[in-house]
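# Fold and geometry: a report
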Amino acid sequence: MISLYNFTLPKLEEHLVARGEKKYRATQLFKWIYEKRVTSFDEMSDVSKKFRDVLNAEYEIKKPSIFVKQTSKDGTIKLLLELEDGNKIETVLMRYNYGNVACVTSEVGCNMGCSFCASGLLKKKRALEVKELVGQILVLDDLLALEGNNERISHVVVMGTGEPFDNYDNVMDFIRILNHPYGFAIGARHITVSTCGIVPKIYDYAKEGLQINLAISLHAPNNEIRNRIMQINHTYPIEKVMEAVKYYEKTAGRRVTFEYILLKGINDSKENAIKLAKLIKGTLAYVNLIPYNSVNEMKYSRSDEKSVHQFLDTLMKNGVTATIRKEFGTDIDAACGQLRAKNEQKEI
Ligand code: SAH
C-alpha cells in the first residue's frame, strides 16, 4: 500500500501524472487529507468512484497508534506512538501562550552520542518516513480536536529524538507539507529544526530558501568542553560550525538560535559565559539556555538557579541576547527519549 502521507504536493502531482491520472487530483487529495482530515477515501465526495476504487485498492491514509499517553499537570501531553513495524517513538504537545507546539521525533533512536541525552541510550534503528513525521502532527491534532476548542498544532519544533539533518530529505519534505497552504498551512516562522551541528547540511539548509528557524545545539564555548560532551564535535569542531552559521546568516538572511544546556560544573561558569559571548560575537545569534533534565543513567546534574542567572547576566553584559527555556511536563519524563527508554527497559 502507498501512503498518501509520504508525498509533498509536487511529488504527488508527479506520481499521479506518471500513472495517467489528472494533476489536479493531487490538490483534491491534499485538501481532503489535511484540510478536512478525512479518514477514508469514500468520504472524498468530489473524487470519482473509479478513482476512489483505485485509492482503496492501492493507497492508504493510516496514522501511527497511541501506545502510551501521559498528561502533565501543565497540560503537556507526551505520547509514545507505535509505528507499523512495532518501533516506538515519542511526540510531545506543549501549550505555550502563543499556541500549541509539537515536538517531533525524526529518527527511531539516535547515533549522535551526546553524553547527556537520553535519546542516545537507544541507538538509531532507522530514519522516520515522511508519513511517520506527518503522522505525529495528525495524532496530536486528533487529541486537540477531542478537546473541542477548534485548535490545531500551530508551531512545530523538530527537537524530539534523533538528528533531523541525519534524515535530511524526509525532514525537508515533512516541512514542505507543514508549510503548504493545502497541507497543514503552518507558517515557516512557526517551524524550527534543531541540529547538533552536521555542518554540510547547514550549508544545504541555508540554500533551501525557506524561512524556517534553525537552532543549533552548541552546549559548550570551546572544543575542549564540546569534545567531552558531544561526539559530533570530533567530526565538525566549533570553528566549522561557526563558519556555517555565518554562511547561513548571509545566504538565508536569518539568525540562528544556539541551544545551551547548563550542566553543573561542566559548562556553566562565569568564565564559560564570557568565552561563549566572545565565540558568537560577530554573528546575529541568540542563545537559549536550557535547564538540564536529569537522566538517571547519566552523571550530569542541572546547574543551580544562581549559576543559571549568573550565566544569563554575563551573556547579556557581553552583548549577547539570551533567554532561559521555559520548562514543560517535568512530572512526565519530559527529557528527550526518557519515556521511550523507560518503556524499552520494561520490555527487555
Ligand atoms: N539532534 C538534534 C535534535 C534533538 S535534541 C539536536 O541535537 O539539536 C533537542 C535539544 O534537546 C538539543 O539541544 C539537545 O541537546 C537537548 N537535550 C538533550 N537531552 C536533554 C536533557 N536531558 N535535558 C535538556 N535538554 C536536552
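Residues numbered from 1 in each chain as written. Predicted model: local features only at pLDDT ≥ 70, side-chain atom pairs only at ≥ 80, totals over all residues. Heavy atoms only, no water.

## Points about the domain arrangement of the chain
Interface size, as often reported, equals the accessible area lost upon joining of the parts. Segmentation of the chain into domains returns domain 1 (2–60) and domain 2 (65–332). Placing a centre on the C-alpha atoms of domain 1 and another on those of domain 2 gives a separation of 33 Å. Opposite the 14 residues of domain 1 that make contact, domain 2 presents 16 residues. Where domain 1 abuts domain 2, roughly 1400 Å² becomes buried across the two surfaces, and 57% of that area is made up of carbon and sulfur atoms. Ranking the residues of domain 1 by area buried against domain 2 places Asn 6, Tyr 34 and Arg 37 at the top, with a combined share of 40%. Counting across the domain 1 and domain 2 interface gives two salt bridges. Of the charged contacts in the structure, one is a salt bridge between Lys 11 and Asp 173, with a shortest N-O distance of 2.7 Å. (Domains from an automatic or database assignment. Contact = heavy atoms within 4.5 Å. Buried area = accessible area lost by both parts, 1.4 Å probe. Salt bridge = Lys/Arg side-chain N within 4 Å of Asp/Glu carboxyl O.)

## Some words on the site of the ligand
Lining the immediate environment of the ligand, one finds 21 residues, of which Glu 163, Ser 194, Ser 217, His 219 and Asn 293 sit closest. In this structure, Gly 162 approaches the ligand through a main-chain N or O atom, which is 3.0 Å from a nitrogen atom. One of the side-chain N or O atoms of Ser 217 is found 2.6 Å from an oxygen atom in the ligand. Taken by itself the ligand offers 530 Å² of open surface, and the protein chains cover 94% of this. Looking at the shell around the ligand, the elements that each hand over two or more residues are strand S10 (191–195), strand S12 (257–262) and strand S13 (286–291). Partitioned by chemical class, the residues of the shell around the ligand number twelve nonpolar, seven polar and two charged. (Near = heavy atom within 4 Å. Polar contact = N/O pair within 3.5 Å; in protein donor to acceptor, adjacent residues only side chain to side chain. Areas by Shrake-Rupley, 256 points an atom, 1.4 Å probe, with all protein chains shown as cover. Helix = DSSP H or I, 4+ residues; strand = E, 2+ residues; numbered from the N terminus. Nonpolar A, V, L, I, M, F, W, Y, C, P; charged D, E, K, R; others polar.)

## Focus: the environment of Ala 26
For Ala 26, the position within the fold is in helix H2 (residues 24–35). Placed eleven residues apart in sequence, Ala 26 and His 15 show a C-alpha to C-alpha distance of 8.9 Å. Sequence-distant contacts of Ala 26, that is, excluding residues within four places in its chain, are made with Leu 9, Leu 12, Glu 13 and Leu 16.

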